[in-house]
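Residue-level structural notes
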Amino acid sequence: MGKTKYIFVTGGVTSSLGKGIISASLGKLLQARGYSVTIQKLDPYINIDPGTLNPYEHGECFVTEDGAETDLDLGHYERFSNSPTSQENNVTTGKIYQAVIDKERRGDYLGSTVQVIPHITDEIKYRIKLLGNKGNYDFVITEIGGTVGDIESLPYIEAVRQMRWELLGNTVVVHLTLVPYLAAAQELKTKPTQHSVKTMLEQGVQPDIIVCRTEMPLTENLKSKIALFCNVDVASVIESIDAETIYDVPLLMLEEKLDVEVLKKLKLPVENEPELIKWKEFLNKYKNPTSEVTIGLVGKYVELKDAYKSISESFIHAGTENDCRVNVRMIHSEEIEDLGIVNQFDGLDGILVAPGFGSRGIEGKIKAITYARENKIPFLGICLGMQCAVIEFARNVLDFDKANSTEFNSKTPFPVIDMMEDQKKISGLGGTMRLGSFGCKVTTETHAWDIYKEEKIAERHRHRYEFNNKYLEDFRNAGMIESGINTQGDLVEIVELKNHPWFVGVQFHPEYKSTVANPHPVFVNFVKAAMSYHDQPLDAEN
Ligand code: GLN
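In this report, we go over the structure that sits alongside the text. On a predicted model such as this, the values are computed, not experimentally measured, just so you know.

Things to note about the site of the ligand
Around the ligand, the surrounding shell consists of P355, G356, F357, C383, L384, Q387, E407, R462, H463, R464, Y465 and H509. Interatomic distance of 3.0 Å between a backbone N/O atom of L384 and an oxygen atom of the ligand. The separation between an oxygen atom of the ligand and a polar main-chain atom of Y465 is 2.8 Å. For the ligand, the protein covers 99% of the area, taking 290 Å² as the surface of the free molecule.

So, the environment of E455
Checked against the element boundaries, E455 lands in the loop between α17 (447-452) and β19 (456-463). Judged by its relative accessible area of 41%, E455 is partly exposed. The spatial distance from the C-alpha of E455 to the C-alpha of G484 is 9.1 Å, given a sequence separation of 29 residues. Residue contacts for E455: discarding those within four places in its chain leaves C440, K441, V442 and W449.

Structural notes on the environment of S36
Looking at the secondary structure, you find S36 in the loop between α1 (19-31) and β2 (37-43). When the C-alpha positions of S36 and F139 are compared, they lie 6.5 Å apart, and in sequence the two are 103 residues distant. Ignoring any residue separated from it by four or fewer positions in sequence, one finds S36 in contact with N136, Y137, D138 and F139.

Details of the sheet that holds strand β22 (residues 492-497)
The strand order across the open sheet formed by nine strands is β13-β12-β14-β15-β23-β22-β21-β18-β19, and the pairing between neighbours is mixed. On the outer flanks of this sheet lie β13 (324-332) and β19, each paired with one strand and no other. The sheet shows a mean angle of 25 degrees between the axes of neighbouring strands, taken without regard to direction. Sheet topology places strand β21 (residues 480-486) next to β22; five bridges connect them, and they run antiparallel. When the bridges of β22 are listed, E482 appears paired with V495. Of the strands in this sheet, β12 (291-299), β13, β14 (350-353) and β15 (379-382) are in contact with helix α12 (residues 309-321), which crosses β13 at around 155 degrees. Of the strands in this sheet, β14, β15, β21, β22 and β23 (503-506) are in contact with helix α15 (residues 384-396), which crosses β15 at around 115 degrees.

Brief notes about a nonpolar patch on the surface
Residues Y97, I101, V116 and I117 make up a contiguous nonpolar surface patch of roughly 340 Å² in combined accessible area. Looking at the nonpolar patch, the elements that each hand over two or more residues are α4 (93-106) and α5 (116-135). Here V116 shows up in helix α5.

A closer look at the pairing of β14
Residues G350 and L352 line one face of β14 and the alternating positions I351 and V353 line the opposite face, and both faces are buried. As paired elements, β12 and β14 share four bridges and run parallel to each other. Paired with V298 across the strands is V353, a residue of β14. Pairing geometry for β14 and β15, over three bridges, is parallel. Of the residues in β15, the one forming a bridge with V353 is G381. The parallel pair β14 and β15 is bridged by helix α14 (residues 362-374), and the resulting crossover is right-handed.

A word on helix α7 (residues 191-202)
Spanning 12 residues, α7 covers 16 Å between terminal C-alpha atoms, matching the ideal 16 Å at 1.5 Å per step. Where α7 is concerned, the buried positions are T193, Q194, S196, V197 and M200. Each buried residue of α7 sits inside an arc of 170 degrees when the element is viewed along its axis, so together they form one side. Those residues of α7 hidden inside the fold are in contact with β1 (5-11), β7 (171-178), β10 (209-214) and α8 (220-230).

Quick word on the packing of aromatic side chains
Applying the stated criterion to the full structure yields 21 aromatic pairs. Where F80 meets W279, the ring centres are 5.1 Å apart and the plane angle is 55 degrees; that geometry is what we call tilted. With a gap of 199 residues between them, F80 in helix α3 (residues 73-81) and W279 in helix α11 (residues 277-287) connect regions that are remote in the sequence. Each of the two residues, F80 as well as W279, counts as buried. Joined through ring pairs, the aromatic side chains of F80, Y247, W279, F282 and Y286 make up one cluster. Geometry around Y126 places K103 over its ring, the cationic atom sitting 5.9 Å from the centre.

Brief notes about the pairing of β2
Taking burial as the measure, the seven residues of β2 include seven buried ones, the bulk of the element. Alternating positions in β2 separate into two faces, V37, I39, K41 and D43 on one and T38, Q40 and L42 on the other, with burial throughout. As paired elements, β2 and strand β6 (residues 139-144) share six bridges and run parallel to each other. Residue T38 lies in a different strand from β6, and its bridge partner there is V140.

About the criteria used
- Residues numbered from 1 in each chain as written.
- Predicted model: local features only at pLDDT ≥ 70, side-chain atom pairs only at ≥ 80, totals over all residues.
- Heavy atoms only, no water.
- Near = heavy atom within 4 Å.
- Polar contact = N/O pair within 3.5 Å; in protein donor to acceptor, adjacent residues only side chain to side chain.
- Areas by Shrake-Rupley, 256 points an atom, 1.4 Å probe, with all protein chains shown as cover.
- Helix = DSSP H or I, 4+ residues; strand = E, 2+ residues; numbered from the N terminus.
- Buried < 20%, exposed > 50% of the residue type's maximum accessible area, 1.4 Å probe, protein only.
- Contact = heavy atoms within 4.5 Å.
- Pairing = 2+ DSSP bridges.
- Axes fitted to C-alpha atoms, helices over the stretch in contact; angles between N-to-C directions.
- Patch = residues over 30% accessible without salt bridge, like charges linked within 9 Å, V, L, I, M, F, W, Y side chains within 5 Å.
- Salt bridge = Lys/Arg side-chain N within 4 Å of Asp/Glu carboxyl O.
- Right-handed = clockwise from strand over helix to strand, strands pointing away.
- Expected span 1.5 Å × (residues − 1).
- Arc of directions from axis to C-beta.
- Phe/Tyr/Trp six-rings, centres within 6.5 Å; stacked < 30°, edge-to-face > 60°.
- Lys NZ or Arg CZ within 6 Å of the ring centre and 35° of its normal.

Printed below as a string of structure tokens:
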């Protein structure tokens, strides 16, 4: 297509309008028209990355192939587009300032005063263009976190203003706002949209397209009013009505011609329709399941819907693949610790123990695993969940009294999970774990083999602790085997039980790689096992 085009997605009025889903949907539509697209998120906070952020603050931390700890919106980008993102796809104010300050210390600025404009804005522009230059993409979609008018967002909007000027005709600004419905007046209100566009204008940026989040359809009159006050064509006022699922949004945006408007602004041909056959098939299957299972998700952030985002989305992909609705029942690990296994476990067809850090809720997770192991309920342990399965087996099958991970008890007599040697030398917290994609060799004639059906796989990691190989022989002899080993060393990546219908623990995070086009085989098989258990709970031993 020639020169890379840059699309900026900004937000006004309030946060949580779904800029990430709008960006991912626009990316999907352009990709379905045959263009190459990548989506980037600029986050205006000062943390270098969300890796050190508490899930209460920021939801899940998503991990890319190359080991970046990123905003969860990158998960949406990958799940929609089925193409991996990278370190460059998530930039924070912390990263920008760190780069500028490092340059200043090296003397790169040759004695000049270092300022927000031009030095910070230059660094922002460099990070945006880097993706276009490096990846040779037709489109770079850059979602700007936060809300227009925030102090933190100012340098980003200024960078957009400059890029629009420099790349004349090769940029589009899509502004997402809220059109609230006032029940008392029985009216949709456009004033907040007008104000947020005014704020952008004060900062020198005129949006090209306005996407309006709304609970009610927008009338032509209302669209004209927004167009008039915000200096855009009526066709560029796009309705984004509340959708039944996030996966409906690309089709809603197709109906509203968001992609067509973007192409028109960039003077690109609007010839064929986007090819979305597979997407529509997925949506149809997702909405018309023929069976149903309930999986218990045991974790400590149960009240937080975004904390296990990739896991819940993976269940949607895997359930759809199996024509099955997967109900996820959140179970608080600390409540199990206090109350034991109570009726929250009734009717579960599978149990997933979630990833996590720190000792809070661990004993509850271990109780849940004993329950799954003894009752032969399909079990999946992810990262910390796998480590807990190892601890549970050590304590209750091997009779290793007080066995533990050294993360929770550094003096345990049986450190069945221990820190890797090279991790012991690291003192800082950010970006210092075993991060990103690592190869794994799968053993034949195991559940892991049934799942992957190939010897060499690669999965994404985010942890410091590992299975302690000193105890490998004990575990093997008692029936817990290692069915996946790191290809570069001897780290255990997958464990499973020999005499259990489906009990698998993975040291990596399969949930980061599940997409609409490629549901992850670990989840697909786990759901299958839950379906068999649901149909024949009494016959589960077969
Ligand atoms: N806390 C464990 C570790 O660091 C597990 C991490 C996780 O579940 N992502 O190894």
